[in-house]
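Notes for the structure review
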Amino acid sequence: MSEVTIPQGTIHYRESGDGPPIVFAHGLLVDGRLWRKVTPLLEDRFRCIVPDLPLGSHLAPMNPDADLSPPGLARIVARFLEALDLDEVTLVANDTGGAISQITAANHPERIGRLLLTNCDAFENFLPPAFRPLQWAARVPGLLTGILQGMRLAPMRRLPIAYGWLIKRDLAGAPTREWVEPFLSDRAIRRDTVKVLRGIDPRYTFDAAEKLREFDRPAMLAWAVEDRFFKLSYAERLAATIRGATLERIDDSYTFVSEDQPERLASLIETFARDGAPARA
């Protein structure tokens, strides 16, 4: 793990390989290990950079005054790219990280060369209805912590409202315990997570989608068709909204495509990062 300090705090990240840069963004209550099956398939041709964003599984809390609203998180991504002096980045994102990446591409596109979104929040689906109780709990002091205490137990982490419907093929092999440990063990991480949840609002994803109508770089949606939370219809809407975007469907996977179909996803990323998406008819 490497680290870089930006005005909002310290960001830890994993880096491997050499070549054109690909930056991977994860979602709420996971960390960069979400991409651990994908980056080894790309690192002989690309520089793979995987930050641990401050979304509840990060090790270093942000500064107490850090803005962790969706626009604030997008600024963190932009500052991270700037701090590493990255240009023409292929930004690959999933879940909550997909919403943040949309907002980043819409408002801070300077260092982004391509945008590839896997199953993620979009439009009114930010958060998906099944996970909105977490957002409501974050508004009551102590309630979110009480709810997530049960995640210490593996059977609770396997529930559909936890990780159970996010990973289809090898849930037992995913680092779900490691994903919840920072929240459960560190008060400052819990503070950050509460700030993130309280700030989520679909107005930010609607605003990003409108601005992305004029996005002038290649864009692709690589979408698992069996996802219960981020249905294919959202990918179709994004593909019709983001200027020039194309849609690739992925079978036999839930939300975390990088867990269920890493080879298929890595192949799509490689072609996209090398050639860009083909022009839409």
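Owing to the predicted nature of the structure, the values given are computational and were not obtained by experimental measurement. (Residues numbered from 1 in each chain as written. Predicted model: local features only at pLDDT ≥ 70, side-chain atom pairs only at ≥ 80, totals over all residues. Heavy atoms only, no water.)

Right, let's talk about the confidence of the model for the protein for a bit. Averaged over every residue, the pLDDT of the protein is 95; the share at 70 or more is 98%. Taken together, the stretch residues 277-281 has pLDDT below 50 and engages in eleven contacts with residues farther than four places along the chain or on a different chain. (pLDDT = per-residue confidence, 0-100. Contact = heavy atoms within 4.5 Å.)

For the rest of this paragraph, the subject is the nonpolar core. Counting 101 residues, the largest nonpolar core has Phe 24, Tyr 163 and Trp 223 as the members making the most contacts within it. Setting aside residues up to four positions removed in sequence, Tyr 163 forms contacts with Leu 29, Val 30, Met 151, Arg 157, Leu 171, Thr 176, Trp 179, Val 180 and Phe 256. (Core = buried A, V, L, I, M, F, W, Y, C linked by side-chain atoms within 4.5 Å. Buried < 20%, exposed > 50% of the residue type's maximum accessible area, 1.4 Å probe, protein only.)

What follows is about the pattern of salt bridges. For the structure shown, the criterion picks out 25 salt bridges. One salt bridge connects Arg 169 with Asp 252, and the closest N-O pair in it is separated by 3.7 Å. Residue Arg 169 is located in the loop between α6 (160-164) and α7 (176-185), and its partner Asp 252 is located in the loop between β8 (246-250) and α11 (257-260); the two are separated by 83 residues in the primary sequence. Accessibility expressed as a relative area gives 28% for Asp 252, which makes it partly exposed. (Salt bridge = Lys/Arg side-chain N within 4 Å of Asp/Glu carboxyl O. Helix = DSSP H or I, 4+ residues; strand = E, 2+ residues; numbered from the N terminus.)

It is worth spelling out the packing of helix α2 (residues 96-107) against helix α9 (residues 202-211) at this point. Between α2 and α9, the shortest axis-to-axis distance is 9 Å and the interhelical angle comes to 45°. With respect to each other, α2 and α9 are oriented oblique. Here α2 runs over α9; the crossing is left-handed. Facing α2, whose interface residues are Ala 99, Gln 102, Ile 103, Ala 106 and Asn 107, α9 presents Tyr 204, Thr 205, Ala 208 and Lys 211. (Axes fitted to C-alpha atoms, helices over the stretch in contact; angles between N-to-C directions. Parallel < 35°, antiparallel > 145°, perpendicular 65-115°, else oblique. Left-handed = near helix turned anticlockwise from the far one by under 90°.)

We now examine the side chain of Thr 193. Mapped onto the secondary structure, Thr 193 falls in helix α8 (residues 187-199). By relative accessible area, Thr 193 is classed as buried at 1%. In contact with Thr 193, not counting residues within four places along its chain, are Gly 56, Leu 144 and Phe 183.

Taken in spatial order, the eight strands of this open sheet run β1-β2-β4-β3-β5-β6-β7-β8, and their pairing is mixed. Unpaired on one side and paired on the other, β1 (2-6) and β8 mark the two borders of the sheet. On average, each strand axis in the sheet is inclined to that of its neighbour by 25°, with strand direction left out of account. Pairing of β1 with strand β2 (residues 9-16), which is carried by five bridges, proceeds in the antiparallel orientation. Residue Ser 2 lies in a different strand from β2, and its bridge partner there is Tyr 13. Each of β1, β2, β3 (21-25), β4 (47-51), β5 (89-95) and β6 (112-120) touches helix α1 (residues 70-83); the most contacted strand, β1, lies at about 115° to it. On top of the sheet, α2 reaches β3, β5 and β6; it is set at about 140° to β5, its chief contact. (Pairing = 2+ DSSP bridges.)

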